[in-house]
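One-letter residues, chain by chain:
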4 protein chains.
Amino acid sequence: MMIRTGVIGYGYWGPNIVRNLAEIPEMELRWVSDLRSDRLRLVSARYPGVRVTNDYREVCADPQVDAVVIAAPVSTHFPLAMAALGAGKHVLVEKPLAATVEEAQKLVDEARRRGLTLMVDHTFVYTGAVRKIKQLIEDLGELYYYDSVRVNLGLFQRDVNVIWDLAVHDFAIMDYTLGVEPTAITATGMSHVEGTSEDIAYITVFYPGELIAHVNVNWLSPLKVRRVLIGGSRRMMVYDDLETSEKLKIYDKGITVTNGNGPDTVYKLLVNYRTGDMWAPKLDVTEALNVMLRHFAECIETGRRPITDGVCGLKVVRMLEAATESAKQRGRLIEFPSAAAVSAEAV
Amino acid sequence: MMIRTGVIGYGYWGPNIVRNLAEIPEMELRWVSDLRSDRLRLVSARYPGVRVTNDYREVCADPQVDAVVIAAPVSTHFPLAMAALGAGKHVLVEKPLAATVEEAQKLVDEARRRGLTLMVDHTFVYTGAVRKIKQLIEDLGELYYYDSVRVNLGLFQRDVNVIWDLAVHDFAIMDYTLGVEPTAITATGMSHVEGTSEDIAYITVFYPGELIAHVNVNWLSPLKVRRVLIGGSRRMMVYDDLETSEKLKIYDKGITVTNGNGPDTVYKLLVNYRTGDMWAPKLDVTEALNVMLRHFAECIETGRRPITDGVCGLKVVRMLEAATESAKQRGRLIEFPSAAAVSAEAV
Amino acid sequence: MMIRTGVIGYGYWGPNIVRNLAEIPEMELRWVSDLRSDRLRLVSARYPGVRVTNDYREVCADPQVDAVVIAAPVSTHFPLAMAALGAGKHVLVEKPLAATVEEAQKLVDEARRRGLTLMVDHTFVYTGAVRKIKQLIEDLGELYYYDSVRVNLGLFQRDVNVIWDLAVHDFAIMDYTLGVEPTAITATGMSHVEGTSEDIAYITVFYPGELIAHVNVNWLSPLKVRRVLIGGSRRMMVYDDLETSEKLKIYDKGITVTNGNGPDTVYKLLVNYRTGDMWAPKLDVTEALNVMLRHFAECIETGRRPITDGVCGLKVVRMLEAATESAKQRGRLIEFPSAAAVSAEAV
Amino acid sequence: MMIRTGVIGYGYWGPNIVRNLAEIPEMELRWVSDLRSDRLRLVSARYPGVRVTNDYREVCADPQVDAVVIAAPVSTHFPLAMAALGAGKHVLVEKPLAATVEEAQKLVDEARRRGLTLMVDHTFVYTGAVRKIKQLIEDLGELYYYDSVRVNLGLFQRDVNVIWDLAVHDFAIMDYTLGVEPTAITATGMSHVEGTSEDIAYITVFYPGELIAHVNVNWLSPLKVRRVLIGGSRRMMVYDDLETSEKLKIYDKGITVTNGNGPDTVYKLLVNYRTGDMWAPKLDVTEALNVMLRHFAECIETGRRPITDGVCGLKVVRMLEAATESAKQRGRLIEFPSAAAVSAEAV
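Computed from a prediction, not measured in an experiment: that's the story for all the values here.

Moving on: the overall build of chain A. Along the backbone of chain A there are 10 helices and 15 strands. Against the compact-globule benchmark of 20 Å for 347 residues, chain A has a radius of gyration of 22 Å, which places it among compact chains. For chain A, with 347 residues in total, the buried portion stands at 63%. Sequence separation of 24 or more characterises 67% of the internal contacts of chain A that already satisfy a separation of 6 or more. Here chain A displays about 13200 Å² of accessible surface, and carbon together with sulfur accounts for 50% of that area. For chain A, the centre of its 39 positive side-chain charges and the centre of its 44 negative side-chain charges are spaced 2 Å apart.

Listed below in structure tokens is the structure:
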């Protein structure tokens, strides 16, 4: 089966989507839509056989189109995705799924009602590094923490804050790898430029038991850092996305707890640390977008639920919305309905 | 004037104090006290002329002693320091000043009442790197943030959590360099070993205006990191204490705000970033303890107020106590009395 | 004046040349020639207005063509460049200029005889980093050494050894920045794959006085390293091309010589070292190929001698040939004719 | 058996020897000798029970002394070691064994004639990292190269050049780990301070087959580097002694050779590279001096031949002497007698 596809939006991310689509045998790039004619001229120059239009409704109206990929600003995700679903198309939306929980929920409901595939492009989930983390995370033992620093200089955006721009990646990775649902979130942050939203934010996510996650995102850092530490009772991982090789390292390190008895226990350590080998597994270097688009095609064909389906997109939007809300109130704790409740609501 | 000094406590930090004291011409090491006789035998072997005792009261009772240095467990700081002040000795206390705000306040009051020098050993404040940060911080422009990651594997301690062990360094550096008083604090954290306190904590400190600080401390990290970013409107600094040279780097980087007008402002950046030279100033490499002890001697002689005096120690303890309290309540915001109020209270 | 240009060779480097040519207003891309038709189809798809041909002679025969850029295998540089010069075209040749000193000399002679611009694409010379090294090198004081490590895994090539592939960059940088002519060269190396030439080589270049250069090139290294140290009597530089920012660092470090007298001079140091600030200047990030091609255009228009002219290309080929010859004889020293002699010969 | 030991020389290295000796149960520190009385006073203060003397002959004359450790300047190694052997003592000499091949040979002969243990303190051989390299080197497949960069700023020494100061470490590591004898050596170098010897040197060592070693040593580098790459046909190692953890990394990387046939083989690669996991084994962190001294004691007791015996010390001195000689003649190749010949000569 050949999946005929239309892409809406040819700004920053659209060209990457289109380039990868053009290389996937089971997908056919049929349309590109964008409001700006100069962007469409670029498409025509590079992909002469592709239809272009300023009006996305043409894409939705084409009965030859099976699937629509949305790579337009976040605020347009909801109306565009609803229109595509309404026209009976399978839909892939650039992250985040929508601008609010309410919108995301409606998309999930609409896709379910119509029996269509709804998927969100949480790109990092499809990288070799994150897929390997998923494979290896059970080896860490009981999970203790997920700690991410994702900072650099720029780029300020008008329609989203630094949480929606950067923490979205961690929320998606956490959702995919940790295997549990968060119970509460708290965030602090600050805006330093009048008229813009938070450019720095610090987010803590609580999970059942003793698992805690923290995400440090910053648009004002002189250094670029993309580093995640994941610690468990038996092993620990470091995922440094800026390393050219060895992005993922597994440390056979941990603590062993012993009872210290004796007269001077005030100085005695209760806990000793343990150091073993370090290991950096070979990672698949296939471009994540390629893996993601092939997964989209496969889900459409088989009816299988995508790894990053609408519910997954909804959960990430819920975290983004809650973190932003908490940051506006200097860290007010926002508790999530229980996982059971979420599932019930979402299914 | 020769300042005759007694040291109480010869465990982890005491030997460093003693070694440095022995090299400072204006100070004379007269006593070392410790409960453990094997520790005292070490002192006698290395410093045959020094008196040793199991009973710190001997040190306080010696009329030849001008000053006492306390390097014993945190829980003992208050009784030992009170005893020494009560005996008319100038007092230097290993960080943190005391185990509670109440104790710290009493020490400040007692020293003031008796006209004695009370100083806390916030060691980092006396390093070449932090003194240089203090000198250069005005060049950063308006301060935006202080962001510290201070993590490593171990060492768990029975009587303090990771905040009192590691964040204390940042609170002391912030107090010394930022030049403003915090208005509120919020922290999250987690303990992963039964019977111990927090081994991971994330602390946000709010300051007047748009300055925000964050401290990430962790005893369960496979990597050792000691990195502080300080950002301002004109320049940014990176202080990496694990670098063998170039511990401090000043980046001529920042953002410039422009108005984006036009039809597609949804995509238009309001803010551009700017990159210039980087510069790593030469740092004084004198051992911080040596600088600190000479400053203590000088303050005793001249009556000058120490850079890290009792009030400073009190403010840091207030932050430690508040952060710990907030972490126990999953990030409840704890507001500080206004700076004016603190000063009034403290003076 | 618009310089109408033909490019011969559209393999690895040609597309970069073509992409940059297409963006330079004072140059017009008129022809691309390659033996392989599939490569030419790529050209036509991306640059519909450009003429393509399998026969480079068409390019040379076109009277509308002012200049020819050669981006074909090294062994073809000489016949292609001679043909283009013979047809009265200005010529730019991908590095190295030719496969032998004899060929390079003939090209220099031919271009001089015909009054045409002959330039070699020593790309690194046109990077922001190397141009900054050139500007700052006098600040180093008396030059002591140039020490380069340029190693990585792969890519083996059939027609050149690792010296011609990697050391060529250092020889070009040395020629541009050091400001003196080498007096002798010695090299060692080894081939580890039957039927291929050296994959590892270590080259020492002697200069007048106490300046020495060393280049370590290796196709079998598990790490990628691109690091040059340049030391002088007053300051030292580190140029690390893999750094994303701060590629160039200037260290205010050096030695100071003092006389040590006394009974135990066997232990006394004659030389002390001195450490000051470090400084990483902002670098121009314009793509080197763009700078290089605009310089080619400017030289054609004005008749000015290119920074990397034919003589410069000849000198680099002389070093490559000598290093390869020395490596085959396990480090036999090969002396160069005096600088005066080279100039005389070359002018 | 308790081995009663005298140490001759208490300058830079002597205190480390003495400190470790004091902690080894099977050795008794009986004497320390040094020409300088102030150094001896330090010994007495720290080790009150130890005899001290300005005259090393007292140490040799004491019939209670079983073994002598020599930690004096290189030029004195020969007379001191001969005196100790002559007095029937087992001898451990700080590296290098002696100042010339002739001296080293005489020491080897004398020790053999008298049936005494002669050992050289090639300290690096006893580190956890180098012992692990030895264990793992067969996993690399056929050995291709050993490539070391060992550079930093200072310290100039009057009695040795940079080869004797720094390359000695690599020669010792190579002798221990590579398992083959060098066939020839060539070196270049330069002195930049009048009256001193080489402060920079580049040394190539040839081995049978296609194994080549290179050592880059430099006292004038703004960076400190201690990095050894070892490449083989199946795997590669990086040993970075400045890493605080993961000093040794094993890369499952290499090349695979295939035959490229076809019309355009000029561009076709003959060799592809292969990348797999990376692995950093846990290393023993026992201080190397401790391991070395216990090995010395064990060899004395059992009569076993030390890992770094006199012959090993002789071979390293032979390389140092040859490298220095070659560097003075701008890289003249110096061939070694065949391995068989060396052994015959040495046994």
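Having seen the structure, we can now continue with the description.
Contact residues are listed per partner, giving 61 residues for chain D and 62 residues for chain C. Interface area, chain D with chain C, both sides summed: about 5900 Å², of which 67% is carbon and sulfur. Across the chain D-chain C interface, the total number found is 17 residue pairs in polar contact (both at pLDDT 80 or more). When contributions to the side of chain D that touches chain C are tallied by element, the ones reaching two or more residues are strand 7 (143-153), strand 8 (184-190), strand 9 (200-206), strand 10 (212-218), strand 11 (220-232), strand 12 (236-240), strand 13 (248-257) and strand 14 (271-280) of chain D.

Strands belonging to one sheet form pairs held by backbone hydrogen bonds; the direction of such a pair is parallel or antiparallel. Residue and element names in this part refer to chain D. Strand order in the open sheet formed by six strands is 3-2-1-4-5-6, with parallel pairing between adjacent strands. Only two strands of the sheet have a single neighbouring strand rather than two, namely strand 3 (51-53) and strand 6 (118-121). Averaged over all neighbouring strand pairs, the angle between strand axes comes to 20°, with direction disregarded. Bridge count between strand 2 (residues 27-33) and strand 3: three bridges; the pairing is parallel. Its bridge partner being in strand 3, Ser-33 is matched across the sheet by Thr-53.

The next thing to look at is the relation of the copies chain B and chain A. Rotating chain B by 180° and moving it 0.0 Å along the rotation axis overlays it on chain A with an RMSD of 0.0 Å. A rotation of that kind, with that shift, is consistent with a two-fold axis.

Attention now goes to the relation of the copies chain D and chain C. Least-squares fitting of chain D to chain C yields an RMSD of 0.0 Å, with the superposition described by an axial translation of 0.0 Å and a rotation of 180°. Interface residue correspondence from chain D to chain C reaches 100%, placing this contact among same-surface, isologous pairings.

To continue, consider the interface of chain B and chain A. Accessible area lost when the parts come together is the quantity often used to give the size of an interface. Every contact between the two is made by 61 residues of chain B and, on the other side, 61 residues of chain A. Surface buried jointly by chain B and chain A totals about 5900 Å² across both partners, of which 67% is contributed by carbon and sulfur atoms. If you look at where chain B meets chain A, you find two salt bridges. As a salt-bridge pair, Glu-335 of chain B and Arg-330 of chain A come within 3.4 Å of each other at their nearest N and O atoms. Run the count over chain B and chain A and you get 17 residue pairs in polar contact (both at pLDDT 80 or more). If you list the elements that add at least two residues to the side of chain B that touches chain A, you get strand 7 (143-153), strand 8 (184-190), strand 9 (200-206), strand 10 (212-218), strand 11 (220-232), strand 12 (236-240), strand 13 (248-257) and strand 14 (271-280) of chain B. If one sorts the elements of the side of chain B that touches chain A by residue count, strand 11 of chain B sits on top with seven residues.

Time to look at the packing of aromatic side chains. Enumeration over the complete set of coordinates arrives at four aromatic pairs over all chains. Of note, Lys-134 of chain C hangs over the ring of Tyr-176 of chain C, and the distance from its end group to the ring centre comes to 5.0 Å. Cation over ring: Arg-150 of chain D sits above Phe-124 of chain D, and NZ or CZ is 5.1 Å from the ring centre.

Once that is clear, we can look at the pairing of strand 6 (residues 118-121) of chain A. A regular strand places its side chains on the two faces of the sheet in alternate fashion. All names here are of chain A. Burial along strand 6 is two-sided: Leu-118 and Val-120 and Met-119 and Asp-121, pointing in opposite directions, are all buried. Summarising the sheet, strand 5 (residues 90-94) and strand 6 pair through four bridges and their orientation is parallel. Among the inter-strand pairings, Leu-92 is bridged to a residue of strand 6, identified as Met-119. Note that the unit made of strand 5, helix 5 (residues 101-114) and strand 6 has a crossover that is right-handed.

Glancing now at the pairing of strand 4 (residues 67-70) of chain A. Residues and elements named next belong to chain A. Burial of the side chains of strand 4 extends over both faces: Ala-67 and Val-69 are buried on one face and Val-68 and Ile-70 on the other. Bridge count for strand 1 (residues 3-8) against strand 4 is four bridges, and the pairing is parallel. The partner of Gly-6 across the bridge, within strand 4, is Val-68. The sheet contact formed by strand 4 and strand 5 spans four bridges and is parallel. Among the inter-strand pairings, Val-68 is bridged to a residue of strand 5, identified as Val-91.

On to the packing of helix 1 (residues 14-21) of chain A against helix 8 (residues 288-302) of chain A, then. Residue and element names in this part refer to chain A. Orientation of helix 1 relative to helix 8, taken along the N-to-C sense of each, is 65°, at an axis distance of 9 Å. When the axis of helix 1 is compared with that of helix 8, the two are roughly perpendicular. Helix 1 and helix 8 meet at a crossing whose hand is right-handed. Residues Asn-16, Ile-17, Asn-20 and Leu-21 of helix 1 lie in contact with helix 8, whose contacting residues are Leu-289, Asn-290 and Leu-293. Taken together, the residues of the contact of helix 1 with helix 8 sort by class into four nonpolar, three polar and no charged.

A few words on unusual backbone geometry. Here the residue pair Lys-95 of chain A and Pro-96 of chain A is connected by a cis peptide bond, since its omega of -10° sits within 30 degrees of zero. Residue position: Pro-96 of chain A is located in the loop between strand 5 and helix 5. One non-glycine residue, Glu-246 of chain B, lies in the positive phi region at around 50°. Mapped onto the elements, Glu-246 of chain B comes out in the loop between strand 12 and strand 13. Glu-246 of chain B gets classed as buried once you look at its relative accessible area, which sits at 17%.

The next subject is the sheet that holds strand 6 (residues 118-121) of chain C. All names here are of chain C. Taken in spatial order, the six strands line up as 3-2-1-4-5-6 in an open sheet, and their pairing is parallel. Unpaired on one side and paired on the other, strand 3 (51-53) and strand 6 mark the two borders of the sheet. Averaged over all neighbouring strand pairs, the angle between strand axes comes to 20°, with direction disregarded.

With that settled, the discussion passes to the environment of Leu-211 of chain D. Here Leu-211 of chain D shows up in the loop between strand 9 and strand 10. C-alpha separation for the pair Leu-211 of chain D and Asp-121 of chain D, spaced 90 residues apart in sequence, amounts to 26 Å. In contact with Leu-211 of chain D, other than residues within four places in its own chain, are Met-190 of chain C together with Leu-143, Tyr-144, Tyr-145, Tyr-146, Leu-178, Val-180, Val-205 and Phe-206 of chain D.

With that settled, consider the domain arrangement of chain A. All names here are of chain A. Per the domain assignment, the segments making up chain A are domain 1 (3-123 + 288-309) and domain 2 (125-284 + 320-335). The straight-line distance from the C-alpha centre of domain 1 to that of domain 2 is 30 Å. Each partner contributes residues to the interface: domain 1 has 17 residues there, and domain 2 has 14 residues. Buried area between domain 1 and domain 2, summed over both chains or domains, comes out near 1200 Å², and the portion from carbon and sulfur atoms is 67%. On the domain 1 side of the contact with domain 2, Lys-95, His-122 and Ile-307 bury the most area, a combined 36% of that side's loss.

Each α-helix turn comprises 3.6 residues. Residues three or four places apart therefore point the same way. Counting buried residues along helix 1 of chain A, seven of its eight residues qualify, which places the element largely inside the surrounding structure. Taken together, the buried positions of helix 1 of chain A are Gly-14, Pro-15, Asn-16, Ile-17, Val-18, Asn-20 and Leu-21 of chain A.

What follows deals with helix 7 (residues 162-177) of chain B. Residue and element names in this part refer to chain B. Taking 1.5 Å of rise per residue, the 16 residues of helix 7 would be expected to cover 22 Å, and the 22 Å separating its terminal C-alpha atoms lies within 8% of that figure. Taking the largest bend as the criterion, helix 7 deviates by roughly 40°, centred on Val-168. The element helix 7 is largely enclosed, with a buried count of 16 among its 16 residues. Where helix 7 starts, the residue carrying a side-chain oxygen 3.0 Å from the main-chain nitrogen of Ile-163 turns out to be Asn-161. Just beyond helix 7, the residue with positive phi is Gly-179, at close to 75°.

Once that is clear, we can look at the confidence of the model for chain A. Segments scoring low in pLDDT should not have their predicted coordinates read at a detailed level. Residues and elements named next belong to chain A. The pLDDT averaged across chain A works out to 92; a share of 93% of its residues lies at or above 70. In this model residues 262-268 is a low-confidence stretch, pLDDT under 50, and it forms 10 contacts with partners more than four residues away in sequence or in other chains. Confidence metrics for the complex model read pTM 0.93 and ipTM 0.92.

Moving on to the side chain of Thr-123 of chain B. All names here are of chain B. Checked against the element boundaries, Thr-123 lands in the loop between strand 6 (118-121) and helix 6 (128-136). On the basis of relative accessible area, Thr-123 is assigned to the buried category, the value being 15%. Thr-123 has contacts with Trp-13, Ala-288 and Leu-289, leaving out every residue within four places of it along the chain.

Here we come to the pattern of salt bridges. On inspection of all chains with the given rule, the structure shows 80 salt bridges over all chains. In this structure, Glu-110 of chain B engages Arg-114 of chain B in a salt bridge whose closest nitrogen and oxygen atoms are separated by 2.6 Å. Within this pair, Glu-110 of chain B and its partner Arg-114 of chain B are both found in helix 5 (residues 101-114), separated by four residues, close to a single helical turn. Classification of Arg-114 of chain B by relative accessible area gives partly exposed; the value is 39%. Salt bridges sharing common partners tie together Glu-110, Arg-113 and Arg-114 of chain A.

About the cut-offs
- Residues numbered from 1 in each chain as written.
- Chains lettered and ligands numbered in written order.
- Predicted model: local features only at pLDDT ≥ 70, side-chain atom pairs only at ≥ 80, totals over all residues.
- Heavy atoms only, no water.
- Helix = DSSP H or I, 4+ residues; strand = E, 2+ residues; numbered from the N terminus.
- Rg over C-alpha atoms; globule rule 2.2 N^0.38 Å.
- Buried < 20%, exposed > 50% of the residue type's maximum accessible area, 1.4 Å probe, protein only.
- Contact = heavy atoms within 4.5 Å.
- Areas by Shrake-Rupley, 256 points an atom, 1.4 Å probe, with all protein chains shown as cover.
- Lys, Arg positive; Asp, Glu negative; His and termini not counted.
- Charge placed at Lys NZ, Arg CZ, Asp CG, Glu CD.
- Buried area = accessible area lost by both parts, 1.4 Å probe.
- Polar contact = N/O pair within 3.5 Å; in protein donor to acceptor, adjacent residues only side chain to side chain.
- Pairing = 2+ DSSP bridges.
- Axes fitted to C-alpha atoms, helices over the stretch in contact; angles between N-to-C directions.
- Least-squares fit on C-alpha atoms with pLDDT ≥ 70 in both.
- Salt bridge = Lys/Arg side-chain N within 4 Å of Asp/Glu carboxyl O.
- Phe/Tyr/Trp six-rings, centres within 6.5 Å; stacked < 30°, edge-to-face > 60°.
- Lys NZ or Arg CZ within 6 Å of the ring centre and 35° of its normal.
- Right-handed = clockwise from strand over helix to strand, strands pointing away.
- Parallel < 35°, antiparallel > 145°, perpendicular 65-115°, else oblique.
- Left-handed = near helix turned anticlockwise from the far one by under 90°.
- Nonpolar A, V, L, I, M, F, W, Y, C, P; charged D, E, K, R; others polar.
- Domains from an automatic or database assignment.
- Expected span 1.5 Å × (residues − 1).
- Bend = angle between axes of the 7 residues up to and from the residue.
- pLDDT = per-residue confidence, 0-100.

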